[in-house]
Amino acid sequence: MNYKLMIYAFNILLCIFATSAINFEKIIRKNKGLETQLLAMIVSLVLAYLLTNFILDFIEWSKVI
């Protein structure tokens, strides 16, 4: 299995766990449950993407030295 895919999968799970601590209900209007869940998922995926790219860039950078 490709190590990049494993890093992406791990970071997605990690970011979903981390964003579950955020109370999006206070940000979104009341009775907007679906939109709140969608926002939480998008935020999780964006954070996972950024974190994975940082890790992969760090691995590539460390190979140069």
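Look up: the structure comes first, before these words.
Definitions and limits used
Residues numbered from 1 in each chain as written. Predicted model: local features only at pLDDT ≥ 70, side-chain atom pairs only at ≥ 80, totals over all residues. Heavy atoms only, no water. Helix = DSSP H or I, 4+ residues; strand = E, 2+ residues; numbered from the N terminus. Buried < 20%, exposed > 50% of the residue type's maximum accessible area, 1.4 Å probe, protein only. Contact = heavy atoms within 4.5 Å. Areas by Shrake-Rupley, 256 points an atom, 1.4 Å probe, with all protein chains shown as cover. Lys, Arg positive; Asp, Glu negative; His and termini not counted. Charge placed at Lys NZ, Arg CZ, Asp CG, Glu CD. Expected span 1.5 Å × (residues − 1). Arc of directions from axis to C-beta. Phe/Tyr/Trp six-rings, centres within 6.5 Å; stacked < 30°, edge-to-face > 60°. Patch = residues over 30% accessible without salt bridge, like charges linked within 9 Å, V, L, I, M, F, W, Y side chains within 5 Å. Salt bridge = Lys/Arg side-chain N within 4 Å of Asp/Glu carboxyl O.

What follows deals with the overall build of the protein. On a plain count of helices and strands, the protein comes out with 2 helices and 0 strands. With respect to the three principal axes, the spread of C-alpha positions in the protein is 50 × 25 × 15 Å. Relative to its 65 residues, the protein shows a buried fraction of 17%. Long-range pairs, those at least 24 residues apart, make up 76% of the contacts in the protein with a sequence separation of at least 6. When the accessible surface of the protein is split by element, carbon and sulfur atoms take 71% of a total near 5400 Å². When the 6 basic and 4 acidic side-chain charges of the protein are each reduced to a single mean position, those positions are 8 Å apart.

For helix H1 (residues 3–19), built from 17 residues, the straight-helix expectation of 24 Å at 1.5 Å per residue is met to within 8% by its first-to-last C-alpha distance of 24 Å. Restricting attention to buried positions, one finds in H1 the residues Ile7, Asn11, Cys15 and Thr19. Along the axis of H1, the buried residues cluster in a sector spanning 80°; they form a single face. The outward face of H1, more than 90 degrees from its buried face, is lined by the exposed residues Phe10, Leu13 and Phe17. Along its buried surface, H1 packs onto helix H2 (33–64).

Counting through the fold element by element, Thr36 comes out in helix H2. Contact partners of Thr36, with chain neighbours within four places excluded, come to Phe24, Glu25 and Ile28.

A word on the packing of aromatic side chains. Throughout the structure, instances matching the rule amount to 2 aromatic pairs. A ring pair is formed by Phe54 and Phe58, whose centres lie 6.3 Å apart and whose planes are at 25°; its orientation type is stacked. Within this pair, Phe54 and its partner Phe58 are both found in helix H2, separated by 4 residues, close to a single helical turn. A residue is classified by how much of its surface remains accessible, and Phe54, at 53% relative accessible area, is exposed. The exposure class assigned to Phe58 is partly exposed, which follows from its relative accessible area of 47%. The interplanar angle of 35° and the centroid separation of 6.2 Å between the aromatic rings of Phe58 and Trp61 together place this pair among those described as tilted. Taken as a pair, Phe58 and Trp61 lie in helix H2 at a separation of 3 residues, close to a single helical turn. Look at Trp61 and you get exposed, because its relative accessible area is 52%. Members of the aromatic cluster, each reached through a chain of ring pairs, are Phe54, Phe58 and Trp61.

Nonpolar side chains collect at one region of the surface, where Leu38, Ile42, Val46, Tyr49 and Leu50 lie side by side and expose about 490 Å² of accessible area between them. As for its position among the elements, Tyr49 is in helix H2.

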